[in-house]
Amino acid sequence: DTEVTQTPKHLVMGMTNKKSLKCEQHMGHRAMYWYKQKAKKPPELMFVYSYEKLSINESVPSRFSPECPNSSLLNLHLHALQPEDSALYLCASSQDSGGSNQPQHFGDGTRLSIL
Amino acid sequence: GEDVEQSLFLSVREGDSSVINCTYTDSSSTYLYWYKQEPGAGLQLLTYIFSNMDMKQDQRLTVLLNKKDKHLSLRIADTQTGDSAIYFCAESNQAGTALIFGKGTTLSVSS
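Source: prediction; values computed, not measured. (Residues numbered from 1 in each chain as written. Chains lettered and ligands numbered in written order. Predicted model: local features only at pLDDT ≥ 70, side-chain atom pairs only at ≥ 80, totals over all residues. Heavy atoms only, no water.)

## Remarks on the overall build of chain B
Of regular secondary structure, chain B possesses zero helices and eleven strands. Ordered by position in the sequence, the α and β elements of chain B form the string β-β-β-β-β-β-β-β-β-β-β. For a compact globule of 111 residues, the expected C-alpha radius of gyration is about 13 Å, and chain B comes in at 13 Å, within 12% of that figure. Taken along its principal axes, the extent of the C-alpha atoms in chain B is 45 × 30 × 20 Å. Per-residue burial over chain B gives 45% buried out of 111 residues. Summarising the internal contacts of chain B: among those between residues at least 6 apart in sequence, 55% fall at separations of at least 24. (Helix = DSSP H or I, 4+ residues; strand = E, 2+ residues; numbered from the N terminus. Rg over C-alpha atoms; globule rule 2.2 N^0.38 Å. Buried < 20%, exposed > 50% of the residue type's maximum accessible area, 1.4 Å probe, protein only. Contact = heavy atoms within 4.5 Å.)

Okay, structure coming up:
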């Protein structure tokens, strides 16, 4: 069983909807990540939070808005998405980020479909 | 920049050994990782090796690291049908803030 929990597992939304993806970990990790994965491709980094502060934004469009309410939770707010945003969205966490290269632990992902 | 290369497919028979190979470019990586992804699932951290080690064994898994050639391999002994999945090799970027993944090797195990 994964120690990183993502909800919902599946999400279908229209291009005008607003929805949020949620991620939770209770391993005491201080770094959390959002990745996007298209079919048959490796994950691509979107955002990194370190000690609840956004440290990396990989030039992600503003229709994706991350939020880290506390050290255990990470949200990804979605608004006005495009069909090409359909993908598996993976959350990961690690002890910290930067320099220590600690292993990242992934959740099972949210499979997002944009109609 | 950093880059990780893997072969895309490997097909083996149940009970045989599987060897998945990976080459990487960033010699400053502290750790190198192997992740497994089953259909419809997230990434499972299988094993990782510290860069000052040559080999790490964990039950049926053996990781070999050749730092000189920047080559990493994952050997799965007595491969089972449940091992069928995509295996990603990954290294950390230079800042240690993100993982650089290979394209993934699809392992197919036939009975």
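The rest of the description comes next.
## Quick look at the packing of aromatic side chains
Evaluated as defined, the whole model comprises 13 aromatic pairs over all chains. Taken together, a centroid distance of 6.0 Å and an interplanar angle of 80° make the contact between A:Y35 and B:F101 edge-to-face. Separated into two different chains, A:Y35 in strand β4 (residues 31-37) and B:F101 in strand β10 (residues 99-101) make up a pair that spans both. When sorted by exposure, A:Y35 lands in the same class as B:F101, which is buried. (Phe/Tyr/Trp six-rings, centres within 6.5 Å; stacked < 30°, edge-to-face > 60°.)

## So, the interface of chain B and chain A
Counting residues at the interface gives 22 residues for chain B, matched by 24 residues for chain A. For the pair chain B and chain A, the summed buried area comes to about 1,600 Å², and 57% of that belongs to carbon and sulfur atoms. Inspection of the chain B/chain A interface yields zero salt bridges. Elements with a contribution of two residues or more to the side of chain B that touches chain A: β4 (31-37), β5 (43-50), β9 (85-92) and β10 of chain B. If you tally residues by element for the side of chain B that touches chain A, the top one is β4(B), at four residues. Considered class by class, the residues forming the side of chain B that touches chain A number twelve nonpolar, nine polar and one charged. (Buried area = accessible area lost by both parts, 1.4 Å probe. Salt bridge = Lys/Arg side-chain N within 4 Å of Asp/Glu carboxyl O. Nonpolar A, V, L, I, M, F, W, Y, C, P; charged D, E, K, R; others polar.)

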